[in-house]
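Here's the letter readout for the chains.
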Amino acid sequence: MNQFDHRPLGSTGIHVSAIGLGTVKLGRNQGVKYPSAFELPSDAAAQALLETARECGITLIDTAPAYGLSEERLGKLLGAGAHDWVICSKTGEEYINGSSHFDFSAAHTRASVERSLKRLQRDWLDLVLVHSDGNDVDIIENSGAFEALGKLKQEGSIRAFGMSTKTVAGGILAARESDCVMVTYNPGHIEEQAVIDECLKLNKGVLLKKALASGHLNSEDADPVQTCLDFAYAHAGVTSAIIGTINPQHLRDNIAKAKKALT
Ligand code: NAP
């Protein structure tokens with residue numbers, strides 16, 4: 001497990017790199033909570049970022065319908081090469097005219113996955129996560145989203161599914177009922193560690209969001225990125241940290257520091 005580029009995603013049979021490229025910043029710059037405002041990168045800059053990621057051993061990309069143009073841009077930029085990547089997308093949250101809307105029904109879940117397949121120009125998606133609004137347990141037990149994703153998996157449209165959760169109870173339930181959980185985990189947010197413990201016990205995949213605290217790094221730390229990455233991989237249950245960057249130098253630094261943390 002302690003390698004960079006071929007880590008088992010729980011028991012799915014899918015292997016991913018220890019860092020995944022988070023792509024909020026490729027598609028959306030409104031209603032986000034980063035330390036500073038930014039322009040969406042040009043197609044050329046985004047293409048170069050994807051190439052740098054690939055050259056440095058990243059095989060996993062994280063996107064979502066709620067990330068504005070992210071899925072559509074990735075589909076165009078990756079084109080015929082889209083199947084060379086492990087792509088994780090989501091369902092349940094839509095970002096429309098500046099605000100989030102949620103629909104976890106079975107019908108929306110299926111329509112959302114079908115739209116993601118078209119936008120991403122893929123015949124199947126490797127992983128689809130329910131993009132929670134915070135009511136994790138209720139969504140899992142009552143919405144029909146997991147049932148719809150289970151059916152899409154049986155049909156071969158997706159290889160695995162899970163949930164990006166916001167609560168410990170929801171994360172633990174998602175670990176029991178699906179293939180993979182995405183949790184917030186960094187030195188300033190350790191509450192969801194119990195979810196990672198459960199995933200480790202059950203051999204389920206764990207993706208981290210906000211591993212670098214969405215860029216709100218500790219200014220008193222000489223190397224806060226190394227501190228965050230050492231912290232992330234110290235838990236044996238962590239499969240991959242999804243880090244969002246549009247800065248190629250940050251991307252290279254993060255990969256070098258992840259490799260150091262893993263040795
Ligand atoms: P993050 O990865 O912790 O932080 C990203 C921020 O850190 C960006 O503003 C980035 O700016 C900055 N950064 C990256 N590397 C850096 C470095 N070496 N030095 C200094 N700053 C650095 O948090 P996130 O973007 O909120 O989350 C990561 C990904 O997780 C997202 O892209 C998305 O794919 C996923 N996510 C999912 C959910 C969900 O509910 N499912 C929620 C949030 C996020 P630069 O661009 O300048 O590098």
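1. Re the overall build of the protein
Each helix and strand counted, the protein has 10 helices and 12 strands in total. A compact globule built from 263 residues would reach a C-alpha radius of gyration of about 18 Å, and the protein, at 17 Å, matches this within 12%. The principal-axis extents of the C-alpha atoms in the protein amount to approximately 50 × 40 × 35 Å. Restricting to contacts in the protein with at least 6 residues of sequence separation, those with at least 24 account for 73%. If you sum the accessible surface of the protein, you get close to 11,200 Å²; carbon and sulfur atoms cover 50% of it. Taking the average location of the 26 positive side-chain charges in the protein and that of its 32 negative ones, the two points are 2 Å from each other.

2. A look at the packing of aromatic side chains
Following the criterion strictly, the structure yields four aromatic pairs and no others. An angle of 25° between the planes, with centres 5.9 Å apart, marks the rings of Phe102 and Phe104 as stacked. Taken together, a centroid distance of 4.6 Å and an interplanar angle of 35° make the contact between Tyr185 and Phe231 tilted. Taken together, the residues span a long stretch of sequence, with Tyr185 in the loop between strand E10 (180–184) and helix H8 (193–202) and Phe231 in helix H9 (residues 224–234) at a distance of 46 residues. By relative accessible area, Tyr185 is classed as buried at 4%. Classification of Phe231 as partly exposed rests on a relative accessible area of 22%.

3. Re unusual backbone geometry
Residue Asn203 is not a glycine yet carries a positive backbone phi of 60°. Mapped onto the elements of the fold, Asn203 is located in the loop between H8 and strand E11 (205–209). For Lys210, which is not a glycine, the phi torsion comes out positive at approximately 60°. Structurally, the position occupied by Lys210 is in the loop between E11 and H9.

4. Quick word on the pattern of salt bridges
Across all of its chains, the model carries 13 salt bridges by this definition. Between Lys151 and Glu155 there is a salt bridge; the shortest N-O distance is 3.9 Å. With Lys151 and Glu155 both in helix H6 (residues 145–155) and four residues apart, the pair spans about one turn of that helix. With a shortest N-O distance of 2.9 Å, Arg176 and Glu198 are connected by a salt bridge. Of this pair, Arg176 sits in helix H7 (residues 168–177) while Glu198 sits in helix H8, placing them 22 residues apart in sequence. A relative accessible area of 51% places Arg176 in the exposed class.

5. Overview of the sheet that holds strand E4 (residues 60–62)
A barrel is described by the order of its strands in space; here eight strands give the closed sequence E3-E4-E5-E8-E9-E10-E11-E12, paired in parallel fashion. Here the average twist between neighbouring strands, direction ignored, is 30°.

6. Concerning helix H3 (residues 70–78)
Taking burial as the measure, the nine residues of H3 include seven buried ones, the bulk of the element. Those residues of H3 not exposed but buried are Ser70, Glu71, Arg73, Leu74, Gly75, Leu77 and Leu78. Next to the buried residues of H3 lie helix H1 (24–27), helix H2 (43–55), E4, strand E5 (86–91) and helix H4 (106–120). Among the residues trailing H3, Gly79 stands out with phi positive, at a value near 50°.

7. Focus: the packing of H7 against H8
Close contact between H7 and H8 brings their axes to 8 Å; oriented N to C, the two are set at 10°. The angle between H7 and H8 falls in the class roughly parallel. Both H7 and H8 take part in a crossing whose hand is right-handed. The segment H7 lies against H8, with Val168, Gly171, Ile172, Ala175 and Arg176 engaging Ala194, Val195, Glu198, Cys199 and Leu202. Residues of the contact of H7 with H8, tallied by class, amount to seven nonpolar, one polar and two charged.

8. Considering H9
Those residues of H9 that fall on the buried side of the exposure criterion are Pro224, Val225, Gln226, Cys228, Leu229, Ala232 and Tyr233. As for H9, its buried residues are in contact with strand E1 (7–8), strand E3 (19–22), E11, strand E12 (240–244) and helix H10 (248–262).

9. Topic: the site of the ligand
Taken together, 28 residues sit near the ligand, with Tyr34, Asp62, Ser164, Thr245 and His250 positioned nearest. Tyr34 places a polar side-chain atom, nitrogen or oxygen, 2.7 Å from an oxygen atom of the ligand. Take Thr245: an N or O atom from its side chain is 2.5 Å from an oxygen atom of the ligand. Expressed as a share of its isolated accessible area of 890 Å², the protein-covered part of the ligand is 88%. Of all the secondary structure elements, the ones that give two or more residues to the shell around the ligand are H1, E12 and H10. Looking at the shell around the ligand, the element that brings in the most residues is E12, giving three residues. Residue composition of the shell around the ligand, by class: 12 nonpolar, 11 polar and five charged.

Conventions used here
- Residues numbered from 1 in each chain as written.
- Predicted model: local features only at pLDDT ≥ 70, side-chain atom pairs only at ≥ 80, totals over all residues.
- Heavy atoms only, no water.
- Helix = DSSP H or I, 4+ residues; strand = E, 2+ residues; numbered from the N terminus.
- Rg over C-alpha atoms; globule rule 2.2 N^0.38 Å.
- Contact = heavy atoms within 4.5 Å.
- Areas by Shrake-Rupley, 256 points an atom, 1.4 Å probe, with all protein chains shown as cover.
- Lys, Arg positive; Asp, Glu negative; His and termini not counted.
- Charge placed at Lys NZ, Arg CZ, Asp CG, Glu CD.
- Phe/Tyr/Trp six-rings, centres within 6.5 Å; stacked < 30°, edge-to-face > 60°.
- Buried < 20%, exposed > 50% of the residue type's maximum accessible area, 1.4 Å probe, protein only.
- Salt bridge = Lys/Arg side-chain N within 4 Å of Asp/Glu carboxyl O.
- Pairing = 2+ DSSP bridges.
- Axes fitted to C-alpha atoms, helices over the stretch in contact; angles between N-to-C directions.
- Parallel < 35°, antiparallel > 145°, perpendicular 65-115°, else oblique.
- Left-handed = near helix turned anticlockwise from the far one by under 90°.
- Nonpolar A, V, L, I, M, F, W, Y, C, P; charged D, E, K, R; others polar.
- Near = heavy atom within 4 Å.
- Polar contact = N/O pair within 3.5 Å; in protein donor to acceptor, adjacent residues only side chain to side chain.

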